[in-house]
Amino acid sequence: MTDWWRRLLGWRDARILRRRRIPDDLWHLTLARFPFLAARSETDLTRLRELATLFLADKEFSGAKGLQVSDEMAVAIAAQACLPVLRLGLHWYDGFKGIVVHADAVVARREFTDDAGVVHHFDEELSGEAMDGGPVMLSWRDVAQAGDSAEWAYNVVIHEFAHVLDLRDGAGNGVPALPDRATRERWQQALGKEYESFRAEVDAGIDTLLDPYGAEALEEFFAVASEAFFVAPSDLASQNTRLYELLALFFGQDPALHPTQE
Ligand SMILES: [Zn+2]
């Protein structure tokens, strides 16, 4: 642990880290299940374990329909959720408390009114959902498969927590709470450009690394691009260097090129 990091934590966090540190066996089990975590440097993993410990102390987990959220489940979620904020800091998640875990995907009844005023009903299957102020909803089945699904750049926890980062300024629009307006505009332009070429690829039926769902809206593009950035970083870096570098700049991480460098 570096000195500056120790100073940042403060006495309260230091106390939590001393008393409620994630036990070794649980931590090693989590790394074994999710190889994209285990691939990170020792320094990253030490920090990730600390952030996950503080995250567990701060957030409230509940199981839907009688599901018991075990320590193993909570640690699996916390470790993945803290990866995007490894450099940004845990305060990016201050805006919500609750995490609701469902055993499986949830079918949500949706409705929309068309131009003619006719109300249409449809079912949507959700493996996760994030909203302003929380809670974050996750399907455990999808969370548990994250080790395997990294192969196709899919990760429900990172997807939903990318939305949380995006929503921090109150607007889920693919533009996270960057320090000033000029930076936000530059971000929107740069990500918007990648989004447009991604949409063109999806329209042309090209098999993309990113989930085609990202073509729905800029905020979904940000979320699916974040999934690829963290669970398939080398693939993203080689297939779309500009997008990779844009995300590396925001997250302050370079998981593909210098996985062991501080
Ligand atoms: Zn989404």
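Here we summarise the structure given alongside this text. On a predicted model such as this, the values are computed, not experimentally measured, just so you know.

Digging into the coordination of the zinc ion
Bound to the zinc ion are the protein donor atoms His-159 (NE2), His-163 (NE2), Glu-220 (OE) and Glu-220 (OE), situated 2.0 to 2.8 Å from the metal. Considering all four donor atoms around the zinc ion, angles at the metal cover 51 to 147 degrees and the coordination shape is irregular. Going along the chain, you hit the donors of the zinc ion in the pattern H-x3-H-x56-E. Of this pair, His-159 and His-163 both sit in helix α8 (residues 156-167), four residues apart, roughly one helical turn. On the basis of relative accessible area, His-159 is assigned to the buried category, the value being 9%. Residue classification places His-163 among the buried residues on the basis of a relative accessible area of 9%.

Side note on the sheet that holds strand β2 (residues 98-102)
Across the sheet, which stays open at both edges, the four strands sit in the order β1-β2-β6-β5 with mixed pairing between neighbours. With one partner strand each, in any of the chains shown, β1 (60-63) and β5 (128-129) form the two edges of the open sheet. Of the pairings in the sheet, the one linking β1 to β2 comprises four bridges and is parallel in character. Bridge pairing links Ser-62 to Val-100 in β2. The strands that α8 touches are β2, β5 and β6 (136-139); relative to β6, the one it contacts most, it runs at about 170 degrees.

Thoughts on the side chain of Glu-194
Within the element layout of this structure, Glu-194 appears in helix α9 (residues 181-203). The contacts of Glu-194, once residues within four sequence positions are left out, are Phe-221, Asn-240, Arg-242 and Leu-243.

Remarks on the pairing of β6
Side chains Val-136 and Leu-138 project from β6 onto one buried face, and the interleaved Met-137 and Ser-139 project onto a second face that is buried too. Here β2 runs beside β6; their pairing, made up of four bridges, is parallel. Bridge pairing in β6 places Val-100 opposite Met-137. Relative to β6, β5 runs antiparallel, the two sharing two bridges. Pairing of Glu-129 across the sheet is with Met-137, part of β6. Between β5 and β6, which pair antiparallel in sequence order, lie six residues; one of them, Gly-133, sits at a positive phi of approximately 85 degrees.

What counts and what doesn't
Residues numbered from 1 in each chain as written. Predicted model: local features only at pLDDT ≥ 70, side-chain atom pairs only at ≥ 80, totals over all residues. Heavy atoms only, no water. Donors = N, O, S within 2.8 Å, 3.2 Å for Na, K, Ca; no water. Tetrahedral: all angles 85-135°; square planar, octahedral: opposite > 155°, others 65-115°. Helix = DSSP H or I, 4+ residues; strand = E, 2+ residues; numbered from the N terminus. Buried < 20%, exposed > 50% of the residue type's maximum accessible area, 1.4 Å probe, protein only. Pairing = 2+ DSSP bridges. Contact = heavy atoms within 4.5 Å. Axes fitted to C-alpha atoms, helices over the stretch in contact; angles between N-to-C directions.

Structural measurements only, silent on function.
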